[in-house]
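The residues making up each chain are set out below.
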Amino acid sequence: MLKILGKSSSINVRKVLWLCEELGLPYEQEQYGSGFQATDTPEFMALNPNAMVPVLIDDDFVLWESNTICRYLAGREQRFDLLPGAPRGRALVEKWMDWQATELNNSWRYAFMALVRRSPAHADPEAIEAGVAGWNRHMAMVEAQLSRTGAYIAGASFTLADIVIGLSTHRWYMTPMPRPALPAVAAYYERLSERPGYRLHGRNGTP
């Protein structure tokens, strides 16, 4: 059985948990991260030298980096609907996955730490304002893409790109800040909420 190391509130762990629901995969989970078992121990860092979650253990195979774990599990189960085998189709999905992990995540980091986590190290009003503006600008890119596809991030069908961006979309809605009306994003949020895995690990009250 698969083992997932990481706390359930982590947005990156939730990517893997939601995907496991989509795939119908049983797994064991051990809670690691702030407030739970430490990730900076020699034992954990032997699994992931970054001391971060999630970590996936599949028999004797150990993997870290949440988006890579998602690609691995979709490939392992031969779910080409979630991650196409054809190079161009796969590239479209992976483009948005990589964009989420770099551009989108970096845009919300300061504002989220200030407004949700209440971090004393993220209390600069100008930086918060800039963070909110940058986050909204990136979500406007999601709006434009969804307006083109009419349904999901990479096209007419649900893919891995929707798992990673769907969780970021929920975080955007859950953060107390001014945000523009983005009708395609709003419809997308409701569309994703029809999926049991998203209700369980995405739109579950945790930012």
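Reading the values: the criteria
- Residues numbered from 1 in each chain as written.
- Predicted model: local features only at pLDDT ≥ 70, side-chain atom pairs only at ≥ 80, totals over all residues.
- Heavy atoms only, no water.
- UniProt positions renumbered as here; feature names shortened; annotations may be inferred.
- Helix = DSSP H or I, 4+ residues; strand = E, 2+ residues; numbered from the N terminus.
- Domains from an automatic or database assignment.
- Contact = heavy atoms within 4.5 Å.
- Buried area = accessible area lost by both parts, 1.4 Å probe.
- Salt bridge = Lys/Arg side-chain N within 4 Å of Asp/Glu carboxyl O.
- Polar contact = N/O pair within 3.5 Å; in protein donor to acceptor, adjacent residues only side chain to side chain.

### Quick word on the UniProt feature "domain: GST N-terminal" (unreviewed entry) in the protein
- Mapped onto this structure's residue numbering, the UniProt feature "domain: GST N-terminal" (unreviewed entry) falls at residues 1–81.
- The span residues 1–81 is 37% helix and 20% strand, and its two end C-alpha atoms sit 23 Å from each other.

### Some details on the domain arrangement of the protein
- Along its sequence, the protein is carved into domain 1 (2–76) and domain 2 (87–195).
- Placing a centre on the C-alpha atoms of domain 1 and another on those of domain 2 gives a separation of 22 Å.
- Taken together, the 10 residues of domain 1 in the interface contact 17 residues of domain 2.
- For the domain 1 and domain 2 pair, buried surface summed over both sides reaches about 1,300 Å², with 64% attributable to carbon and sulfur atoms.
- Of all residues in domain 1, the largest losses of buried area upon contact with domain 2 belong to Ile11, Trp18 and Arg71, amounting jointly to 50% of the total for that side.
- Linking domain 1 with domain 2 are 3 salt bridges.
- A salt bridge links Arg71 to Asp98; its shortest N-O distance comes to 2.7 Å.
- The interface formed by domain 1 and domain 2 includes 5 residue pairs in polar contact (both at pLDDT 80 or more).

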